[in-house]
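Below are the chains, spelled out letter by letter.
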Amino acid sequence: MPVTFGSILFACLIFIVMMQSSVLPQKSLDSKTADSVFKIVDIEQETDDGYIYTIKTDKINLPDSPQNIKIKMKAEAKIPADYYDDIYAKISFYSYTDNAFNSYGDYADGIYIRAKLVSIDDITKDTKPPNYYILKLRLKIKDVITENLREEKAGLAFSLLTGDKSILDNSIRNDFKVCGISHMIAVSGLHITLICLMIFYLLKFMNAPPLLSTSVTFMVMIVYIGVSGYSKSALRAGIMIAVMLTAKLVNSKADALNSLGFAVFIMCFNPFAVTDAGTLLTVTSVLGLCVIKPAYDEKLRPDNKLLNYLYDGVFTTISVLLSTLPVAWLLFKRLSLVSLLLNIICIPIMQIALISVLLLCVFVAVPYLAFIPKHIADFALGVLIHISEFCDDKFSVLYLDISDELIGVAIAGVLLFAGVSLLISNKINIKIVSAFTALIFAVTAVFSIYNYNSNAYVCVSSSGAVIIYDKDSAMILAADDNGDNYFINDKLSTKNFDNVIALNSDYCKDNIIDLMPNAEFEFLNDEEYILCNHISIQYNKDVIFVSVYDKVFKIDDDCVTINEYNAYRNIYEKFNESSDFVFIVAENANVQVKEER
């Protein structure tokens, strides 16, 4: 207990130091424009309105401004410079969030402010660091994959191998999300362990000395983490594997929990690492495998080999599901039950696909050697796509809403019981914890299905878009920028609608069609009256009136209003805050209002 409280105080101290030394000085650049010298340090992301670059500044020509900071920068056109060239330019800074959880992982990556490119004055060549060649390797891998595999399979292959989803089809990403197997397209311990084991045992089979086997495996792991973009989940896995490889050299056995603790300790010198969803999921997943899975093994593991394989698949998934439940409630408000089965089926297929894609990249220069892995990868990737698509279509009802506060209280109760059990008896009563959690799942499933069939929802984003939907139909109003695509994906990616009507939302048209390919669509701009199931919309000059179960919402340029509630649109621009509102309307016309930050 003293160590625990000491750790809490130490974490608070690190947070305070980081805020004062890095975050607040960078926030002071908000709304300022300056001549700067910077380098492009990561692969650019192409968007509908230009490019997004990750840059590192060498100089910002403003008095008392922070120097050598990492920034995400928008540019209308591609910058004609190589990675790590010196670029002399004028850039305009802006702050986009005051909350690390709303930064889409930027705070965890050390990015606290963004910028827009105004003009470029000069570009000069500079010496290239080792990471330059890792970026080039990543681009080469992308070229090899896109040249040898069809578009949708290439996007999935590139995501499996590097974690980069820039060319991954949105429909595949949503299918994986609904099926609870999206961890496969984020480089984590599963990927790194598989590749490191393959290299290590290949060298061992070749009778390489232990020092050589360990050193080569370690170097391959460092390069692979770099190719994956140094994601937090990859770094966590890399640190744990490094500890285990070191233990092998000194003829010792590494303890998994202590290795995890050491990895978390190192990662959390950046206190905002805990706001990264990938970090939280990977740490809690390993915790479940190290603590909960052995408790099941002690009580339930069968002797039969076939049953043992099925047992491992089921109870590994259950253990991870239990341990990541608090993160799912806190960050995603959703839980996939179909993942219990799909992880057993898809993980072996994913491993085959990952190794085949890796071998394809290694042997691409030798067509005869690349032929077999290319076709194995093509087949395995196709199977993954078809399975996820089928399950999304047939079993999306098992993607449960767990956002209710009572679910959070129940999860806290499970954790409290487990903690008290550990303190009193030094072990967790796995039967009671499992029964309690199963009860939570059952109650959640019943309420989720009931609410899905009997409620309608009016959602207002902080960027100004409005979504209105029930179980059959959806209307999307004023989705007119890239941020609205994220909002639409978050609210509608698990739904199967018969018809969708989008008003003044041409910017997000392609995303809407990709997200719901089986629905009938209408894209309208100035329609006076639309009827959709029990939801209707009527225009009256600059005001839209929406009737949902006989409750009327008034939508104008500033806010969505019902009774005394106002959900402001474009709230960030008006009030320097960021929040989304959801109005839940039941069949009896009772209204519940949720504010989501």
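Refer to the preceding data block for the structure.
Residues numbered from 1 in each chain as written. Predicted model: local features only at pLDDT ≥ 70, side-chain atom pairs only at ≥ 80, totals over all residues. Heavy atoms only, no water.

*Asks:* Tell me about the overall build of the protein, and name the residues and values.
*Replies:* Of the regular secondary structure elements, the protein holds 17 helices and 21 strands. Its C-alpha radius of gyration of 25 Å places the protein within 12% of the 25 Å reference for a compact globule of 597 residues. Projected onto its principal axes, the C-alpha coordinates of the protein cover approximately 80 × 65 × 60 Å. Burial statistics for the protein: of 597 residues in total, 46% are counted as buried. Only carbon and sulfur atoms are counted for the fraction: they give 60% of the accessible area of the protein, which is about 29,900 Å². Each charge class in the protein was averaged separately, 49 positive and 66 negative side chains, and the resulting centres sit 9 Å apart. (Helix = DSSP H or I, 4+ residues; strand = E, 2+ residues; numbered from the N terminus. Rg over C-alpha atoms; globule rule 2.2 N^0.38 Å. Buried < 20%, exposed > 50% of the residue type's maximum accessible area, 1.4 Å probe, protein only. Areas by Shrake-Rupley, 256 points an atom, 1.4 Å probe, with all protein chains shown as cover. Lys, Arg positive; Asp, Glu negative; His and termini not counted. Charge placed at Lys NZ, Arg CZ, Asp CG, Glu CD.)

*Asks:* How would you sum up a nonpolar patch on the surface? Please name residues and give values.
*Replies:* Residues M1, F5, I8, L416, V420, L423 and I424 make up a contiguous nonpolar surface patch of about 790 Å² in total accessible area. Elements with a minimum of two residues in the nonpolar patch: α1 (2–27) and α13 (405–425). In terms of residue count, the dominant contributor to the nonpolar patch is α13 (four residues). The topology assignment puts L416 in helix α13. (Patch = residues over 30% accessible without salt bridge, like charges linked within 9 Å, V, L, I, M, F, W, Y side chains within 5 Å. Salt bridge = Lys/Arg side-chain N within 4 Å of Asp/Glu carboxyl O.)

*Asks:* Quick one: what's the story with the side chain of S36, residue by residue and with numbers?
*Replies:* Summarising the element assignment, S36 is placed in strand β1 (residues 33–40). Among the polar contacts made by the side chain of S36, one reaches the main-chain carbonyl oxygen of A34 at a distance of 3.5 Å. Discounting chain neighbours no more than four positions away, the residues touching S36 are K59, I60, I87, Y88, A89, I91 and F93. (Polar contact = N/O pair within 3.5 Å; in protein donor to acceptor, adjacent residues only side chain to side chain. Contact = heavy atoms within 4.5 Å.)

*Asks:* Any chance you could break down empty space enclosed by the protein for me, citing the residues and the numbers?
*Replies:* Taken as a whole and assessed by the stated rule, the structure comprises one cavity of 30 Å³ or more. As a volume, the largest cavity reaches approximately 30 Å³. I52, K72, M73, K74, Y94, R114 and A115 together form the lining of the largest cavity. Put simply, the parts of the chain that give the lining of the largest cavity at least two residues each are β4 (70–75) and β6 (111–124). Top contributing element to the lining of the largest cavity by residue count: β4, with three residues. (1 Å grid on protein atoms, 1.4 Å probe; cavity = no way out; pocket = protein on both sides within 12 Å on 5 of 7 lines; lining within 4 Å. Points joined across faces, edges and corners; volume = space filled by probe spheres on them.)

*Asks:* Describe the pattern of salt bridges, and please don't skip the residues or the numbers.
*Replies:* The final tally for this structure, using the stated rule, is 16 salt bridges. A salt bridge links D82 to K136; the shortest N-O distance between them is 3.6 Å. Of this pair, D82 sits in the loop between β4 and β5 (86–94) while K136 sits in helix α2 (residues 130–148), placing them 54 residues apart in sequence. Note on K136: relative accessible area 35%, which makes it partly exposed.

*Asks:* Tell me about the nonpolar core, and name the residues and values.
*Replies:* Ranked by size, the top nonpolar core spans 53 residues in total, and within it I145, L156, L160, L161, I192 and L381 carry the most contacts. The set of elements that each furnish at least two residues to this core consists of α2, α3 (151–162), α4 (170–179), α5 (189–205), α6 (210–227), α7 (232–249), α11 (339–362) and α12 (367–395). With ten residues, the single largest contributor to this core is α11. In this structure, I40, I55, I91 and Y132 belong to the second largest nonpolar core, which totals 26 residues. (Core = buried A, V, L, I, M, F, W, Y, C linked by side-chain atoms within 4.5 Å.)

*Asks:* Could you give an account of the packing of aromatic side chains, with specific residues and numbers?
*Replies:* One pass over the structure, following the stated rule, counts twelve aromatic pairs. The interplanar angle of 70° and the centroid separation of 5.8 Å between the aromatic rings of F15 and F272 together place this pair among those described as edge-to-face. Of this pair, F15 sits in helix α1 while F272 sits in the loop between α8 (256–267) and α9 (277–300), and the two are 257 residues apart along the sequence. Residues Y296 and F315 carry aromatic rings whose centres are separated by 4.9 Å and whose planes lie at 55° to one another, so their mutual orientation is tilted. One end of the pair, Y296, is in helix α9; the other, F315, is in helix α10 (residues 305–332), and 19 residues separate them in sequence. Overall, F315 belongs to the buried group, its relative accessible area being 18%. Aromatic rings pair up to connect F15, Y107, Y112 and F272 into one cluster. (Phe/Tyr/Trp six-rings, centres within 6.5 Å; stacked < 30°, edge-to-face > 60°.)

*Asks:* Hey, could you go over α6 for me, with residue numbers and the actual values?
*Replies:* With 18 residues, α6 ought to run about 26 Å at 1.5 Å a step, and its terminal C-alpha atoms sit 26 Å apart, in line with that. Every buried residue of α6 is accounted for by S213, T214, T217, M221, Y224, I225, G226 and V227. G229 occupies a position one or two residues after α6 and carries a positive phi of about 85°. (Expected span 1.5 Å × (residues − 1).)

*Asks:* Go over the side chain of D85, please, and point to the residues and values.
*Replies:* Within the element layout of this structure, D85 appears in the loop between β4 and β5. In this structure the side chain of D85 is engaged in a polar contact, spanning 3.0 Å, whose partner is the backbone nitrogen of D82. Contacts of D85, omitting those with residues within four sequence positions, involve F38, K39, I123, T124, K125, D126 and K128.

*Asks:* With reference to specific residues and values, describe the environment of I318.
*Replies:* Structurally, I318 is set in helix α10. The spatial distance from the C-alpha of I318 to the C-alpha of I292 is 9.0 Å, given a sequence separation of 26 residues. Apart from the residues within four sequence positions on either side, I318 is in contact with Y296 and L340.

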